[in-house]
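Overview (structure and organization)
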Amino acid sequence: MIKAGIIGATGYAGAELVRLLLQREDTEIVWYGSRSYVGEDFASIYRNVTHLVDEPCRDDDMEQLSHLADVIFTATPQGFCASQVTEEILSRTKVIDLSADFRIKDVNIYEQWYKLKHPSPQFLQEAVYGLPEINRESIRGARLIANPGCYPTCSFLTLYPMVKEGLVDPDTLIIDAKSGTSGAGRGAKVPSLYCEVNESMKPYGVASHRHTPEIEEQLSCVADRPVTLSFTPHLVPMNRGILVTAYGTLTRSVTPEEVKAAYDKYYADEYFVRVMNPGMVPQTRWVEGSNFADIAFQTDPRTNRLVMMGAIDNMVKGAAGQAMQNMNLMFGLPENTGLKQIPVFP
């Protein structure tokens, strides 16, 4: 039995971790951490787990939790995990951090984009970027996982084979992304109010979104040279889902069959990545509630560009589901354990 603790359990990503972990017979949640709701019953906050959870929310004491749990998930704001994690904690338990604290290896870039002084840069090189489709073997032996961001997960999976195979020029990449409002978190903010979001779409973080350096760093590793790209996210009036449409200039003339073969080279054996046939397009409704990523493409001979498209559920593959996928690898379990949920429709 794996004993799991969650700090930040009452945020959207934390609550999604609860939903997924409760369905497992090999895992026990031993800590529902929430600084805002200490002492309150978790099921009184999320009534979807009524009669399933009979535990109060506890505080965010990672040190105490490390004596109880085999794995700690931190679904917390930037800066928390890095301020709490120590060598002693990592010697006792595994940590999967859903914030950005350990995703970016260059501490200067992290501090520039997140406007925070990094509390524990000594762990940056050890932390493994938790994208299983790319770093599977490193994840298996890791103590500290940097769970990728939702936009970077969808963007990277969509672009990775094309950059790796040299089919698109990395210097020409443009990523246009849309996300449901759960990506903004559960905190009360005026821009997330119903009347502010409903019947409207808007770009935000234009030329400044802090997922940009994360995407660039991972693609730079693939291209084996620095990659600079344009990334613009948009908020759309739906609860869940991310849709990425990316554009890149082709380095040579290719047929749709060649592009499909390149995607299949990397994803044919990946349970959670579904490459669509030429002419098809991904939709967020076909991945909702699941850990799947749907990937599609369209060649555009007129402009000599490749249009690359991807869709994920930002709460599952973009956060909690991927965290659990990492947990499975760390404990030597089949990667899809507890993650075989079929997308919900309608």
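Here, every reference points to the structure presented above.
Rules of the game
- Residues numbered from 1 in each chain as written.
- Predicted model: local features only at pLDDT ≥ 70, side-chain atom pairs only at ≥ 80, totals over all residues.
- Heavy atoms only, no water.
- Buried < 20%, exposed > 50% of the residue type's maximum accessible area, 1.4 Å probe, protein only.
- Helix = DSSP H or I, 4+ residues; strand = E, 2+ residues; numbered from the N terminus.
- Contact = heavy atoms within 4.5 Å.
- Polar contact = N/O pair within 3.5 Å; in protein donor to acceptor, adjacent residues only side chain to side chain.
- Patch = residues over 30% accessible without salt bridge, like charges linked within 9 Å, V, L, I, M, F, W, Y side chains within 5 Å.
- Areas by Shrake-Rupley, 256 points an atom, 1.4 Å probe, with all protein chains shown as cover.
- Salt bridge = Lys/Arg side-chain N within 4 Å of Asp/Glu carboxyl O.
- Lys, Arg positive; Asp, Glu negative; His and termini not counted.
- Charge placed at Lys NZ, Arg CZ, Asp CG, Glu CD.
- Core = buried A, V, L, I, M, F, W, Y, C linked by side-chain atoms within 4.5 Å.
- Axes fitted to C-alpha atoms, helices over the stretch in contact; angles between N-to-C directions.
- Parallel < 35°, antiparallel > 145°, perpendicular 65-115°, else oblique.
- Left-handed = near helix turned anticlockwise from the far one by under 90°.

In terms of residue burial, helix α1 (residues 12-21) counts as a mostly covered element, since eight of its 10 residues are buried. Listing the buried residues of α1 in full gives Ala13, Gly14, Ala15, Glu16, Leu17, Val18, Leu20 and Leu21. Looking at the buried side of α1, the elements it contacts are β1 (2-7), β2 (27-33), α2 (42-45), β3 (71-74) and α12 (316-330).

On to helix α6 (residues 107-114), then. At the N-terminal end of α6, a side-chain oxygen is found 2.9 Å from the backbone nitrogen of asparagine 108, two or three residues along, and the residue is aspartate 106. Just past α6, the residue lysine 115 takes up positive phi, approximately 55°.

On the surface, Glu40, Asp41, Asp54 and Glu55 cluster together into a patch of negative charge. A relative accessible area of 42% places aspartate 41 in the partly exposed class.

Our next topic: unusual backbone geometry. Backbone phi values are negative for most residues with the exception of glycine, while trans is the configuration of most peptide bonds. Residue phenylalanine 345 is joined to proline 346 through a cis peptide bond whose omega torsion reads 0°. Along the chain, proline 346 falls in the segment after α12. The backbone phi angle of glutamate 199 is positive, close to 55°, even though this residue is not glycine. Along the chain, glutamate 199 falls in the loop between α9 (194-197) and β8 (202-203). Non-glycine residue aspartate 224 carries a positive phi angle of around 65°.

This part takes up the nonpolar core. Ranked by internal contacts, the top residues of the largest apolar core, which has 41 residues, are Leu21, Phe42, Phe73, Ile96 and Leu98. Secondary structure elements with two or more residues in this core: β1, α1, β2, α2, β3 and α12. Not counting the four nearest positions on each side in its chain, leucine 98 is found in contact with Ala13, Leu17, Phe73, Thr74, Ala75, Arg103, Asn147, Ala319, Ala320 and Ala323.

So, on to the packing of helix α7 (residues 132-140) against α12. Viewed as axis vectors pointing N to C, α7 and α12 meet at an angle of 40°, and their least axial separation amounts to 9 Å. Of the possible angle classes, the one that applies to α7 and α12 is oblique. Note that α7 runs across α12; the crossing there is right-handed. Only Lys317, Gln322, Gln325, Asn326, Leu329 and Met330 of α12 make contact with α7, whose side of the interface consists of Pro132, Glu133, Arg136, Ile139 and Arg140.

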